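# Chain and residue survey
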Amino acid sequence: MSNTRLQWWMFVVGGHLMTVFFVVGWLCLAQFFPPPSPELTAQQITHRYVENQNGIRLGSTFMMLSFGFWAGWGAVLCSWTRRSVPGGDLLASIQLVSLAVSEMIGVLCAFLWGLAAFRPEQISPEITMTLNDAGWLMFLLPWPPFSAWCIALGVAIFRDRHQNPVMPRWVGYVSLLTGLLFAPAALPLFFKDTHFAYNGVIGMMIPFAVFFIWIQAVTWAMARAIPIQDPDAEPDRTAAVPAMALEGVRG
Amino acid sequence: MNAPTQSANEVEPERSFPGELGVWVFVLLDLAIFAAFFAMFAWDRSDDPALFNEGSNALLVSWGAVNTLLLLTGSLLVVWAVQATKERRLVEASTFINWAMVSGAVFLVNKVIEYSQKISSGHSPGESPFFTYYFCLTGLHAVHLVIGLCALVHVKRLLHEPDFGSADEVSVESVAIYWHMVDLLWIALFAILYLMM
């Protein structure tokens, strides 16, 4: 498989699959919309987990599967950053570390929800409530690594001085805005009601939505720069190569 | 936010809007998000208007008015800076930017004093939904303002470069657009938090 083809699969297919798997798991299977309120009693939360036990377990599985696609997607961005941008080594390293931490956070929150659905009918409702709280707070509170990831990519896009940059500059602005809009995810630690709680529009839904909007915007924007080649054809060494590949050859 | 440079032989295309496309995408999305915040505020206010009126009464309109005046002055200074930049009066533009930064910094100092007064008189973010919105929305606005001040520092650096060109002018305009958005957000916040009863 050519390098370009591999990048395309990792980035474009991986980016869309990452979104689809997570949304299917969270929304359709676990049925986390509307989200459980922090003001529910332990018995009410346990009832929700018992009623949809299989759905939440399957949803947790799908969410954890989605995180398997993050590595390849993020690695293509790191590779582009390192090769194409002044100061790219540092920015790519920031992206790589942030990506790894973000992936770990995502896996943990899906794990905690799955754990809460493992045997809720056999354990104390207070334990189920705590695991539920842990899942939601893990989903939201560790927002800074996600912001660091977005901001590192945004800065990289602005530092790209090529005449025809791979990434359009508006994606850089969207990345910076996304990094900023994760900040309200810090509020659910302080509120159990209102729109600032972990079931609220400001505390959860906006940060959640902007993350996947960012993933799709970046995937769409960069996908146009990764040409698709026939994997069975002989590599054409005389054809013009995209700027990003050329920079890789130049090292 | 430096826009890409062009080669000397290329004719500069006529721009149909100030700044670059990306800053408008940023501004419009940010305004949309704040519109959602305002909608949430209105929704919660409709549940208990008396509580929200009580909260508004606890705020000093004069504080909000002074802050509004500061940001409006800052926006005017930025407009003059952009005009001076277009006419390549870069030293004058830099002076306008300096004073715009002063207006923003004084705003932040006022905000800190106001927060301290509110907290010391017993109004904390958790006291009521009104004060949750007050501290969170004005706090998020303050973060935007700090980012705006950093962007103005970047503009000052550009204005002092010897090879200031059309791409740098686009960057200055882009920062100005962002600054005006921060001003616009404050005017909306002033209206709904301080004046709406």
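What comes next concerns the included structure. (Residues numbered from 1 in each chain as written. Chains lettered and ligands numbered in written order. Predicted model: local features only at pLDDT ≥ 70, side-chain atom pairs only at ≥ 80, totals over all residues. Heavy atoms only, no water.)

### Notes on the packing of aromatic side chains
Residue and element names in this part refer to chain A. What the rule picks out here adds up to 56 aromatic pairs over all chains. Taking 6.1 Å as the distance between ring centres and 75° as the angle between the ring planes, the aromatic pair formed by Trp26 and Trp136 counts as edge-to-face. Here Trp136 lies in helix H6 (residues 125–140) and Trp26 lies in helix H1 (residues 3–29), a separation of 110 residues in the sequence. Classification of Trp136 by relative accessible area gives buried; the value is 0%. (Phe/Tyr/Trp six-rings, centres within 6.5 Å; stacked < 30°, edge-to-face > 60°. Helix = DSSP H or I, 4+ residues; strand = E, 2+ residues; numbered from the N terminus. Buried < 20%, exposed > 50% of the residue type's maximum accessible area, 1.4 Å probe, protein only.)

### Quick notes on the nonpolar core
One finds Trp26, Phe139, Met167 and Trp214 of chain A to be the most contacted residues of the largest nonpolar core, which totals 128 residues. In terms of residues, this core owes the most to one element, helix H5 (residues 129–159) of chain B, which gives 16 residues. Excluding its chain neighbours within four sequence positions, the residues that come into contact with Phe139 of chain A are Phe22, Trp26, Cys109, Trp113, Met204 and Phe208 of chain A. (Core = buried A, V, L, I, M, F, W, Y, C linked by side-chain atoms within 4.5 Å. Contact = heavy atoms within 4.5 Å.)

### Examining the environment of Asp133 of chain A
All names here are of chain A. Here Asp133 is to be found in helix H6. Overall, Asp133 belongs to the partly exposed group, its relative accessible area being 24%. When the C-alpha atoms of Asp133 and Pro38 are compared, they prove to be 7.4 Å apart, with 95 residues separating the residues in sequence.

### Some details on the side chain of Thr219 of chain A
Residue and element names in this part refer to chain A. Its place among the elements puts Thr219 in helix H9 (residues 201–223). A distance of 2.9 Å separates polar atoms of two side chains, one belonging to Thr219 and the other to Trp73. Of note is the side chain of Thr219, whose polar atom sits 2.6 Å from the backbone oxygen of Ile215. (Polar contact = N/O pair within 3.5 Å; in protein donor to acceptor, adjacent residues only side chain to side chain.)

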